[in-house]
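Commentary on secondary and tertiary structure
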Amino acid sequence: MPVTGIGGFFFRAQDPKTLAAWYLKHLGVGAPEGQYLWDQQAGPTVFSPFPQTSDYFAADKGWMLNLRVEGLDDLLTSLRTAGIDVITKDEWDATPEIGRFARIHDPEGNPIELWEPPVKA
């Protein structure tokens with residue numbers, strides 16, 4: 001296959017600089033201003049179109065960013081301390097072989113799913 005991974009994620013923002021700084025501060029995603037590359041850890045990536053009728057994320061959004069994380073509980077504590085609303089549901093964690101999940105929204109209302117894959121033994 002000629003494709004080896006996702007090379008970037010591009011989306012429109014009302015205030016790109018402020019939004020980029022928010023992602024970097026709260027999630028460690030992205031690069032400092034003036035830099036463009038974010039070196040991430042290798043690992044699984046899900047690429048999955050959803051039906052238009054899906055209720056997995058808000059109907060008025062065409063996409064949802066899923067970020068693979070380590071230490072989900074500590075991250076959620078940090079986000080809550082920063083005043084960021086965190087959503088968790090027991091049914092999202094009903095299959096431990098898939099991992100654990102939480103949801104937040106960035107300051108422009110874009111949905112972000114936080115996914116902690118199961119620890120491999």
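The structure this text deals with has already been given above.
Residues numbered from 1 in each chain as written. Predicted model: local features only at pLDDT ≥ 70, side-chain atom pairs only at ≥ 80, totals over all residues. Heavy atoms only, no water.

Section: the pairing of strand S3 (residues 111-116)
Within a regular strand, side chains alternate between the sheet's two faces. Counted residue by residue, S3 has six buried out of six residues, so it is predominantly covered. Burial along S3 is two-sided: Pro111, Glu113 and Trp115 facing one way and Ile112, Leu114 and Glu116 facing the other are all buried. Note: strand S1 (residues 65-68) against S3, four bridges, orientation parallel. Bridge assignment links Leu65 to a residue of S3, and that residue is Ile112. Sheet analysis places strand S2 (residues 100-105) next to S3, joined by six bridges and oriented antiparallel. If you follow Arg103 over to S3, its bridge partner there is Glu113. With antiparallel pairing between neighbouring strands as the criterion, S2 and S3 make up a hairpin whose turn holds five residues, including Gly109 at a positive phi of roughly 85°. (Buried < 20%, exposed > 50% of the residue type's maximum accessible area, 1.4 Å probe, protein only. Helix = DSSP H or I, 4+ residues; strand = E, 2+ residues; numbered from the N terminus. Pairing = 2+ DSSP bridges.)

Observations concerning the nonpolar core
If you look at the biggest cluster of nonpolar residues, it comprises 18 residues, and the most contacted ones within it are Tyr23, Leu27, Leu79, Ile104, Ile112 and Leu114. At the level of elements, helix H1 (16-27), S1, helix H2 (72-81), S2 and S3 are the ones that each hand at least two residues to this core. Beyond its immediate sequence surroundings of up to four residues, Leu114 is in contact with Leu27, Leu67, Val69, Leu72, Leu75, Leu76, Leu79, Arg100, Phe101, Ala102 and Ile104. (Core = buried A, V, L, I, M, F, W, Y, C linked by side-chain atoms within 4.5 Å. Contact = heavy atoms within 4.5 Å.)

Concerning the sheet that holds S2
With mixed pairing, the three strands of this open sheet are ordered in space as S1-S3-S2. Of all the strands in the sheet, just S1 and S2 have a single pairing partner and so form its edges. Between one strand axis and the next, the sheet turns by 25° as a mean value, whatever way the strands run. The sheet strands contacting H1 are S1, S2 and S3, and the helix crosses S3 at an angle near 25°. Along the sheet, H2 contacts S2 and S3; its crossing angle with S2, the most-contacted strand, is approximately 20°. (Axes fitted to C-alpha atoms, helices over the stretch in contact; angles between N-to-C directions.)

Re the side chain of Asp106
Tracing the chain through its elements places Asp106 in the loop between S2 and S3. An unpaired buried charge is present at Asp106: no salt bridge exists, and Lys61, the closest side chain of opposite charge, is 6.9 Å distant. Only 2.8 Å separates the side chain of Asp106 from the backbone nitrogen of Glu108, close enough to count as a polar contact. The contacts of Asp106, once residues within four sequence positions are left out, are Phe11, Leu19, Trp22, Tyr23 and Ile112. (Lys, Arg positive; Asp, Glu negative; His and termini not counted. Salt bridge = Lys/Arg side-chain N within 4 Å of Asp/Glu carboxyl O. Polar contact = N/O pair within 3.5 Å; in protein donor to acceptor, adjacent residues only side chain to side chain.)

Some points on the pattern of salt bridges
Taken as a whole and assessed by the stated rule, the structure comprises four salt bridges. The shortest N-O distance in the salt bridge between Arg100 and Glu116 comes to 3.1 Å. On the criterion of sequence distance, the pair formed by Arg100 in strand S2 and Glu116 in strand S3 is long-range, its members being 16 residues apart. The partly exposed category is assigned to Arg100, whose relative accessible area is 29%. For the salt bridge of Arg103 with Glu113, the shortest nitrogen-to-oxygen distance reads 3.2 Å. Separated by 10 residues along the polypeptide, Arg103 in strand S2 and Glu113 in strand S3 bring together distant segments of the chain.

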